[in-house]
Amino acid sequence: MKPDLSGLSELEINLATRVSVGDALTRSARMFGERAAVVDRGDSVTYRDLDAAAESVGRALLDAGLERQQPVAMLMGNSWQFLSTYFGCAKAGLVAMPVNLVLAPEDIVWILRDSGTTTIVTDAAFVPLIEKILPALDAVTIVVVSGEGAPAEIAGRPVLSWTEIASRAVDRPLEVLVDDRDTAQCLYTSGTTSRPKGVLTSHTSLMVGGLTNALMQGAGWGSEPTVLLNVLPLFHTTGLNTLVMPTLFIGGTVVLPGPFDPGAVLDAIEAQRVTTVMMLPIMYAAALAAQGQRARDLSSVQLAIYAMAPMPATLLAQVDAAFPNASVILGSGQTEVVPATVLQWPEHRATKPDSWGPAVPTVEVGIMSDGELEATGEEGEIVYRGPHVCSGYWNNADANTAAFAHGWFHSGDVGYLDAEQVVWFTDRLKDIIKSGGENVSSVEVERIVAAVPGVVECSVVGLPDERWGEAVTAVVVASDRSVSDAELEAAVIAYAKANLAGFKVPKRVLVVDELPKTATGKARKHELRATLRA
């Protein structure tokens, strides 16, 4: 059965019925116009102003000649201008493409070429980077710069002022066709084993994922809004899709304190009465150290999430004490399946602290081997179904064929489901260590090594070995460099022998000053393996 819509234009029915990320900001602005949407380094921006800037930016991009579903590359730091640009793209039916700012210039050039980008929006601070890469990007014709000190042109391309276009008065809302399954964003993966892949995510996926995150994080639509402190980069799915967008969808306030500084983070939590935080374990450790030097009131925090790396039990206990009114839980996911896909319930901290938790209500999780779903307790690849799943990879048919085989999205993660449908993560497929004929989970060994006194960070990899095939190797960062490498290695091996099966105990322990990491704190194991093998 279908309705007779012959008396309506395509745009009319689209506006009345669609799923659109841009519309979500409009709804929040109508309901909470004068409420702070973003507190950016202490400066407050209302929903009304955030939405108005997004409307103006979206209209200006279309006026500049961009057409529906074209990408807009965003080389921008965390700011309210980033968010207005992102929502402006959504309103205009364009594709927001935040770019990882820690990539090498040649990698950024590759991404912009691969995506067919013609438009870059950037901050004045990144003009030197744009000057370096633009001569290699003949297709780019539009450059928009936010902030003071922008040149009139870069590499012969004229520069538009973000401030000028965002402040243009508009006499009516921007109303263009936006299909539910149109691509709203493209995020390129980190490319740890090959060239980065452009993950295309629809308005439907982002809206369902965002509202699910709001539900799971206990957010409310009313007079007591969520106040989220975000320290993760907005070019990454966790900061953007797991944290910030859900908060703005339901009328909360996003606090952006600037580059991570533990003292500034604690000050912002106290001053803004933050209710939700998410940090990496190493960030929590730094914040606890700053709290020990000068205590702040952290009683407003109701939810403290961690991710990206294991959190030792001793550190978890300290986080519990520092945030006395907060549930402290682990969240997990990946760019291709709008995170969080699985999330611990608060009670799992006591009953299943090393698990990932169960799937969120809008995601189905399975365990697959050789195209068949495994029974409870059996190990295999973690696979997903549901509206969180991306539309596919840009310009990469082979990757799509592999990722969506058998009607599930293949995560590349290994794990199993227990009787309560809680997900237990074993390792990334590519990071499983084959040692002496046994499979060793690098994650399990990392969890043990991270608990050794004197170890502040660790990553475990397999290195070629004539006897073992691959030797389990722990690469650690010491908290106290006055302790000799030999002493720390002995402590790690002794602790591992007491807590792991013999074949899982590291054969070598290497002490380094720092680990190579992604922008969100994950260890770049491919770099570690390459360096150590060399």
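Residues numbered from 1 in each chain as written. Predicted model: local features only at pLDDT ≥ 70, side-chain atom pairs only at ≥ 80, totals over all residues. Heavy atoms only, no water.

- Under the annotation held in an unreviewed UniProt entry, the chain carries the name AMP-binding protein and is attributed to Rhodococcus gannanensis.
- Among the UniProt annotations of the chain, the heading Sequence similarities (unreviewed entry) holds the following wording: "Belongs to the ATP-dependent AMP-binding enzyme family." (UniProt positions renumbered as here; feature names shortened; annotations may be inferred.)

### With respect to the overall build of the chain
Logical step 1: A tally of helices and strands in the chain yields 17 helices and 28 strands.
Logical step 2: Reported as C-alpha extents along the three principal axes, the dimensions of the chain are approximately 70 × 55 × 50 Å.
Logical step 3: Looking at the chain as a whole, 56% of its 534 residues are labelled buried.
Logical step 4: Long-range pairs, those at least 24 residues apart, make up 65% of the contacts in the chain with a sequence separation of at least 6.
Logical step 5: Put simply, the chain shows about 22400 Å² of open surface, and 52% of that area lies on carbon and sulfur atoms.
Logical step 6: The averaged location of the 62 negative side-chain charges in the chain is 1 Å from the averaged location of its 40 positive side-chain charges. (Helix = DSSP H or I, 4+ residues; strand = E, 2+ residues; numbered from the N terminus. Buried < 20%, exposed > 50% of the residue type's maximum accessible area, 1.4 Å probe, protein only. Contact = heavy atoms within 4.5 Å. Areas by Shrake-Rupley, 256 points an atom, 1.4 Å probe, with all protein chains shown as cover. Lys, Arg positive; Asp, Glu negative; His and termini not counted. Charge placed at Lys NZ, Arg CZ, Asp CG, Glu CD.)

### Remarks on the sheet that holds strand β1 (residues 36–40)
Logical step 1: On the basis of which strands lie adjacent, the open sheet formed by eight strands has the order β2-β1-β12-β11-β13-β14-β15-β16 and mixed pairing. In this open sheet, the two strands that pair with only one neighbour each are β2 (43–46) and β16 (337–343). Pairwise comparison of adjacent strand axes, ignoring direction, gives a mean angle of 25° for this sheet.
Logical step 2: In the sheet, strand β15 (residues 327–334) pairs with β16 via three bridges, with the strands oriented antiparallel. (Pairing = 2+ DSSP bridges. Axes fitted to C-alpha atoms, helices over the stretch in contact; angles between N-to-C directions.)

### Some thoughts on the packing of aromatic side chains
Given two aromatic rings, one states the distance between the centres and the angle between the planes to describe the pair.
Logical step 1: Counting across every chain of the model gives eight aromatic pairs.
Logical step 2: Aromatic side chains tryptophan 110 and tyrosine 188 sit 6.4 Å apart centroid to centroid with 90° between the ring planes, which places their arrangement in the edge-to-face category. In this pair, tryptophan 110 sits in helix α5 (residues 105–115) while tyrosine 188 sits in strand β9 (residues 183–188), placing the two residues 78 residues apart along the sequence.
Logical step 3: What makes tryptophan 110 partly exposed here is its relative accessible area of 23%.
Logical step 4: Judged by its relative accessible area of 13%, tyrosine 188 is buried.
Logical step 5: In this arrangement the basic side chain of arginine 35 is found over the ring face of phenylalanine 32, its NZ or CZ atom lying 3.9 Å from the centre. (Phe/Tyr/Trp six-rings, centres within 6.5 Å; stacked < 30°, edge-to-face > 60°. Lys NZ or Arg CZ within 6 Å of the ring centre and 35° of its normal.)

### Regarding the pattern of salt bridges
Logical step 1: The final tally for this structure, using the stated rule, is 23 salt bridges.
Logical step 2: For lysine 352, the salt bridge goes to aspartate 418, with nearest N and O atoms at 2.7 Å. Of the two residues, lysine 352 sits in the loop between α13 (348–351) and β17 (357–358) while aspartate 418 sits in the loop between β22 (409–417) and β23 (422–428), which places them 66 residues apart along the sequence. Summarising the burial analysis for this pair, lysine 352 and aspartate 418 share the class buried.
Logical step 3: For the salt bridge of lysine 352 with glutamate 420, the shortest nitrogen-to-oxygen distance reads 2.6 Å. Separated by 68 residues along the polypeptide, lysine 352 in the loop between α13 and β17 and glutamate 420 in the loop between β22 and β23 bring together distant segments of the chain.
Logical step 4: Three or more residues are tied together by salt bridges with common partners; here these are Asp51, Glu55 and Lys91. (Salt bridge = Lys/Arg side-chain N within 4 Å of Asp/Glu carboxyl O.)

### Regarding unusual backbone geometry
Logical step 1: Cis rather than trans, the peptide bond between proline 339 and alanine 340 has omega equal to 5°.
Logical step 2: Position of alanine 340 relative to the elements: it lies in strand β16.
Logical step 3: Here aspartate 370, not a glycine, exhibits a phi torsion of approximately 55°, which is positive.
Logical step 4: Given the relative accessible area of 82%, aspartate 370 is considered exposed.
Logical step 5: Although it is not a glycine, histidine 406 adopts a positive phi angle of roughly 65°.
Logical step 6: Note that histidine 406 resides in the loop between α14 (397–403) and β22.
Logical step 7: On the accessibility criterion, histidine 406 (52% relative accessible area) is exposed.

### Remarks on empty space enclosed by the protein
Leftover empty space is mapped by rolling, across the atoms, a probe with the size of a water molecule.
Logical step 1: The tally for this structure, following the rule as stated, stands at one cavity of 30 Å³ or more.
Logical step 2: The computed volume of the largest cavity comes to approximately 50 Å³.
Logical step 3: Ala214, Gln217, Ala219, Thr226, Pro246, Thr247, Ile250 and Thr276 are the residues that line the largest cavity.
Logical step 4: Each residue belonging to the lining of the largest cavity can be placed in one class, and the counts come to four nonpolar, four polar and no charged. (1 Å grid on protein atoms, 1.4 Å probe; cavity = no way out; pocket = protein on both sides within 12 Å on 5 of 7 lines; lining within 4 Å. Points joined across faces, edges and corners; volume = space filled by probe spheres on them. Nonpolar A, V, L, I, M, F, W, Y, C, P; charged D, E, K, R; others polar.)

### A few points about the packing of helix α8 (residues 203–216) against helix α9 (residues 237–249)
Logical step 1: Orientation of α8 relative to α9, taken along the N-to-C sense of each, is 85°, at an axis distance of 8 Å. One finds that α8 runs roughly perpendicular with respect to α9. On α9, the residues that touch Leu206, Met207, Gly210, Leu211, Asn213 and Ala214 of α8 are Asn241, Thr242, Met245, Pro246 and Phe249.
Logical step 2: Class assignment of the residues belonging to the contact of α8 with α9 gives a composition of seven nonpolar, four polar and no charged. (Parallel < 35°, antiparallel > 145°, perpendicular 65-115°, else oblique.)

### Examining the nonpolar core
Logical step 1: Among the nonpolar cores identified, the biggest contains 108 residues, and Val21, Tyr86, Leu229, Leu248, Ile269, Tyr284 and Phe323 are the most heavily contacted of them.
Logical step 2: The element best represented in this core is helix α3 (residues 47–63), accounting for seven residues.
Logical step 3: In this structure tyrosine 86 touches Val21, Met74, Ala96, Pro98, Gln185, Leu206, Leu240, Asn241 and Met245, once residues within four positions along its chain are discounted.
Logical step 4: In terms of nonpolar packing, the next biggest core, distinct from the first, is built from 28 residues, Val99, Ile111, Cys186 and Phe235 among them. (Core = buried A, V, L, I, M, F, W, Y, C linked by side-chain atoms within 4.5 Å.)

### Regarding the layout of surface pockets
Logical step 1: Computed from the structure, the second largest pocket encloses a volume of approximately 670 Å³.
Logical step 2: Lining of the second largest pocket is provided by 33 residues; of these, Arg41, Gly77, Asn78, Gly258 and Pro259 occupy positions nearest its centre.
Logical step 3: When its residues are assigned to classes, the lining of the second largest pocket shows 19 nonpolar, eleven polar and three charged.

### A few points about the UniProt feature "domain: AMP-binding enzyme C-terminal" (unreviewed entry) in the chain
Logical step 1: UniProt annotation of "domain: AMP-binding enzyme C-terminal" (unreviewed entry) refers to residues 444–522 when read in the numbering used here.
Logical step 2: Overall, residues 444–522 shows 27% helix and 33% strand. The separation of its end C-alpha atoms is 16 Å.

### So, the pairing of strand β11 (residues 227–230)
Logical step 1: Residues Val227 and Leu229 line one face of β11 and the alternating positions Leu228 and Asn230 line the opposite face, and both faces are buried.
Logical step 2: Judged from the three bridges that link them, β11 and strand β12 (residues 253–256) form a sheet pairing that is parallel. Looking across to β12, one finds that valine 227 is bridged to threonine 253.
Logical step 3: On the question of chirality, the crossover connecting β11 to the parallel β12 by way of α9 is right-handed. (Right-handed = clockwise from strand over helix to strand, strands pointing away.)

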